[in-house]
Amino acid sequence: MTDDQIADRWDRLTPRQRLARILLVLSEMTPDGVVTEDTLAAAAEGVGAFHGPPMLGSGLADRVGLARTFNRELRRRADERLGTEPFIGANAECGLVYSLGRGGTDVPYPAALGELSPRSSYEAGRQVGLDLASCGYDWALQPSVDVRVSRSDPVIGVRAFGADPSVVSAHAVAYVEGIQSTGVLATAKHFPGHGDASVDSHLGLPVVRRTERDHHEIHLRPFRAVIEAGVASIMTAHVVLPDLGLEEAATFSPEICRDLIRNQLDFDGVLVSDSLRMKAVSERDTARNKVIRALVAGNDLVNIKCSPAAVPSLLDQLETALRTGDLPENDLYRAFGRVVSATQRRSVSAGEGAADSSEGVAVSELQTIVEVTDPQGRLPLPLGVGDAVGVLVDPAGTFAEPLSGVLDELSAMLGTRLVPIRQGDSLPDDVHAVVVLSRGQAGPSDTEIAHLRAVEDGDVPAAFLGGGPKDASDRCSTSLPTVRAPFIDVFGIVSRGTAHLAFRALLGDRRTTSFGQECMAS
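Residues numbered from 1 in each chain as written. Predicted model: local features only at pLDDT ≥ 70, side-chain atom pairs only at ≥ 80, totals over all residues. Heavy atoms only, no water.

Draft legend 1. Structural detail: the sheet that holds strand β6 (residues 233–236). Read from one edge of the open sheet, three strands run β5-β6-β7, paired in parallel fashion. A single partner strand is all that each edge strand has here, and the edge strands are β5 (187–191) and β7 (270–272). Going from strand to strand, the sheet's axes swing by 25° on average, the running direction of each strand aside. In this structure, β5 lies alongside β6, joined through four bridges in parallel fashion. Paired with Lys 189 across the strands is Met 235, a residue of β6. (Pairing = 2+ DSSP bridges. Helix = DSSP H or I, 4+ residues; strand = E, 2+ residues; numbered from the N terminus. Axes fitted to C-alpha atoms, helices over the stretch in contact; angles between N-to-C directions.)

Put into structure tokens, the structure is as follows:
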């Protein structure tokens, strides 16, 4: 978009509509999956970007169809009022299921892809883009291009391609190119790197000790690579880097959001903040001030992640700040220009489906990432016809979608019923083997370790299954046969294809599947 076209767009909008254009907010739905009037009103105000419909944990059936209708209505209201449409974004790190809970094509997490060829990452990214486009999303809030050098990282985990900056760079570029080949915009995150943090920024503010050399040679390398490859947007990190002279979160740092990313790395796309609702920053200022600070620092789209009902009041406050000079108009104009320019890069409409031209990762290739340790030859676990397997889980932490439903889907894929068991529960009569599941991104939890110790010397055949990063689950020694595969993240969201292969290694099922099949049709 030319400077004259940006100026023309600017002149046609009111100050309030210009301010709305640089906000990324939540959308909301009714219990039956219909877009709410508050959300439509926010679209009519001119809000520039929305997180897609909050389907996770909803219990709804046809979530793909509901999301498609939801996004179409949201776009229609904005177009009728303003003649333009907002971005609608989604996280889809293991496919559309990551945002919807059901539906779409399962893809492996980046931690699995990082062990395969970059071509697999391209195919995974393309499949993600196709599925998102088919539902009317035009913005993928991924991939994570963090170099996960810290085994104490509690949050990035399986969403990272690995710990080698060269590997991460190659896979990140391939994944971005795959997504953007479908007309959906990709987002590289979390700038300038979150892979050496030991605090979850959803819960607190990480203070990271990082040398200048590691900063440039490790953590910035993947960002340089995706910038050269034409990534449309980059998301900031809520991390503090005191050894580099930074005393506030990178999201609010002009040294990061202006000098480093613009002047040194030559990125001219959209810089979007990570969620300002995360506890790393949420309790440190008002919503008004956080928007202003993020814009002045150099962000273009502010991920305030407020409810649609809060938008009118926030815009009132920002209009006042614009009039008084607390929010400089030149910062708003810069951000506005980048956001509206990015709309020309998308080529997505909410169609009835997207043709899958991606072959996907073959099972034989994906199977290679499943690591089995069984020196005594106790796998597969001995099961009779009709026997069920108990899966011991730690109920603490987040499960964005109930694990019981995921285990039901895996049961159908395996032909063996998987039953979730919590600590202290007695085993059902038909359970004749148990699996201790660890989903920790930085190692098994105390509860998972207690589960492990309780079954190691028991009478029931048992095994240990590490579903987080493979270098996390090996922090706990055990005499049990062990399978490791990266299929579950910090939010408890499961990549079904990888999980199926891991459980198959435990239970001996020999039926084939592929991440390219639709594991959940509705």
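There's more to say after this.
Draft legend 2. Quick look at the sheet that holds strand β9 (residues 388–392). Spatially, six strands are ordered β8-β13-β12-β11-β9-β10 in an open sheet, and the strand pairing comes out mixed. Either end of the sheet is taken by a strand with one partner, and the two such strands are β8 (371–373) and β10 (418–421). Neighbour to neighbour, the strand axes of the sheet diverge by 25° on average, direction disregarded. With five bridges connecting them, β9 and strand β11 (residues 431–438) associate as parallel partners. The residue bridging Val 391 from the neighbouring strand is Val 435, located in β11. With respect to the sheet, helix α16 (residues 403–414) is in contact with β9, β10 and β11, its orientation differing from that of β10 by roughly 155°. The strands touched by helix α17 (residues 446–456) are β9, β11 and β12 (462–466); relative to β11, the strand with the most contacts, the crossing angle is about 145°. (Contact = heavy atoms within 4.5 Å.)

Draft legend 3. Broad picture of the confidence of the model for the protein chain. Residues of the protein chain with pLDDT of at least 70 account for 94%, and the chain-wide mean is 92. Here residues 517–522 is modelled with pLDDT under 50, and outside its nearest four sequence neighbours on either side it reaches 18 contacts, counting other chains as well. (pLDDT = per-residue confidence, 0-100.)

Draft legend 4. Structural detail: the side chain of Arg 210. With respect to the helices and strands, the residue Arg 210 is situated in the loop between β5 and α9 (212–219). Of note is the side chain of Arg 210, whose polar atom sits 2.9 Å from the backbone oxygen of Pro 192. Separated by 2.9 Å, the side chains of Arg 210 and Asp 196 make a polar contact. Setting aside residues up to four positions removed in sequence, Arg 210 forms contacts with Pro 192, Gly 193, His 194, Asp 196, His 215, His 219, Leu 241, Asp 243 and Leu 244. (Polar contact = N/O pair within 3.5 Å; in protein donor to acceptor, adjacent residues only side chain to side chain.)

Draft legend 5. Here's a closer look at helix α11 (residues 254–264). Along α11, the positions that sit buried rather than exposed are Ile 256, Cys 257, Leu 260, Ile 261 and Arg 262. Seen along its axis, α11 keeps its buried residues to an arc of 165°; they face one direction. At its buried positions, α11 is contacted by β5, α9, β6, β7, α12 (287–297) and α14 (329–342). Looking one or two residues beyond α11, the residue adopting positive phi is Asp 266, at roughly 60°. (Buried < 20%, exposed > 50% of the residue type's maximum accessible area, 1.4 Å probe, protein only. Arc of directions from axis to C-beta.)

Draft legend 6. Highlighting the environment of Met 413. Mapped onto the elements, Met 413 comes out in helix α16. Residues Met 413 and His 500, spaced 87 residues apart in sequence, show a C-alpha to C-alpha distance of 7.2 Å.

Draft legend 7. Structural context of the side chain of Gln 441. With respect to the helices and strands, the residue Gln 441 is situated in the loop between β11 and α17. Look at Gln 441 and you get buried, because its relative accessible area is 3%. Here the side chain of Gln 441 touches Val 158 through a polar contact of 3.0 Å, landing on its backbone nitrogen.

Draft legend 8. Examining the packing of helix α7 (residues 118–134) against helix α8 (residues 165–180) more closely. Interhelical geometry of α7 versus α8 gives an angle of 30° and a closest axis separation of 6 Å. In terms of their interaxial angle, α7 and α8 are classed as roughly parallel. Handedness of the crossing formed by α7 with α8: right-handed. For the pair α7 and α8, the contacting residues are Pro 118, Ser 121, Tyr 122, Ala 124, Gly 125, Arg 126, Val 128 and Gly 129 in the first and Ala 170, His 171, Ala 174, Tyr 175, Glu 177, Gly 178 and Ile 179 in the second. (Parallel < 35°, antiparallel > 145°, perpendicular 65-115°, else oblique. Left-handed = near helix turned anticlockwise from the far one by under 90°.)

Draft legend 9. Layout of the pattern of salt bridges. According to the stated counting rule, one finds 31 salt bridges in the structure shown. A salt bridge links Asp 268 to Arg 338; its shortest N-O distance comes to 3.4 Å. Of this pair, Asp 268 sits in the loop between α11 and β7 while Arg 338 sits in helix α14, and the two are 70 residues apart along the sequence. We note a salt bridge from Glu 371 to Arg 484, for which the minimum N-O separation is 3.4 Å. Remark: Arg 484 occurs in strand β13 (residues 482–484) and Glu 371 occurs in strand β8; sequence separation between them is 113 residues. Each of Arg 258, Arg 262, Asp 268, Asp 300, Asp 331, Arg 334 and Arg 338 takes part in one network of salt bridges that share partners. (Salt bridge = Lys/Arg side-chain N within 4 Å of Asp/Glu carboxyl O.)

Draft legend 10. A look at the packing of α12 against helix α13 (residues 311–324). The interhelical angle for the contact between α12 and α13, taken along N-to-C directions, is 55°, at an axis separation of 9 Å. Classified by the angle their axes make, α12 and α13 are oblique. Here α12 and α13 pass one another in a crossing that is right-handed. On α13, the residues that touch Ala 287, Arg 288, Val 291 and Ile 292 of α12 are Leu 314, Gln 317, Leu 318 and Ala 321. A breakdown of the residues in the contact of α12 with α13 according to their chemical character gives six nonpolar, one polar and one charged. (Nonpolar A, V, L, I, M, F, W, Y, C, P; charged D, E, K, R; others polar.)

Draft legend 11. Spotlight on the packing of aromatic side chains. Taken as a whole, this structure holds six aromatic pairs when the rule is applied. A ring pair is formed by Phe 161 and Tyr 175, whose centres lie 5.8 Å apart and whose planes are at 65°; its orientation type is edge-to-face. Taken as a pair, Phe 161 in the loop between β4 (139–140) and α8 and Tyr 175 in helix α8 lie far apart in primary sequence, 14 residues in all. Given the relative accessible area of 3%, Phe 161 is considered buried. Ring pairing ties together the aromatic residues Trp 10, Tyr 333 and Phe 336, which thus form one cluster. (Phe/Tyr/Trp six-rings, centres within 6.5 Å; stacked < 30°, edge-to-face > 60°.)

Draft legend 12. Inspection of helix α4 (residues 63–82) at higher detail. The terminal C-alpha atoms of α4 lie 28 Å apart, and with 20 residues this matches the ideal 28 Å at 1.5 Å per residue to within 8%. By the burial criterion, the buried members of α4 are Arg 63, Val 64, Gly 65, Ala 67, Arg 68, Phe 70, Asn 71, Leu 74, Arg 75 and Ala 78. Turning to α4, the residues buried within the fold contact α3 (37–45), β2 (49–51), β3 (87–90), α5 (97–100) and α7. (Expected span 1.5 Å × (residues − 1).)

Draft legend 13. Up close: the pairing of β9. A large share of β9 lies buried, amounting to five of its five residues. Across the two faces of β9 the burial is the same, with Ala 388, Gly 390 and Leu 392 and Val 389 and Val 391 all buried. With four bridges connecting them, β9 and β10 associate as parallel partners. Its bridge partner being in β10, Val 391 is matched across the sheet by Pro 420. Handedness of the crossover joining β9 and β10 through α16 is recorded here as right-handed. (Right-handed = clockwise from strand over helix to strand, strands pointing away.)

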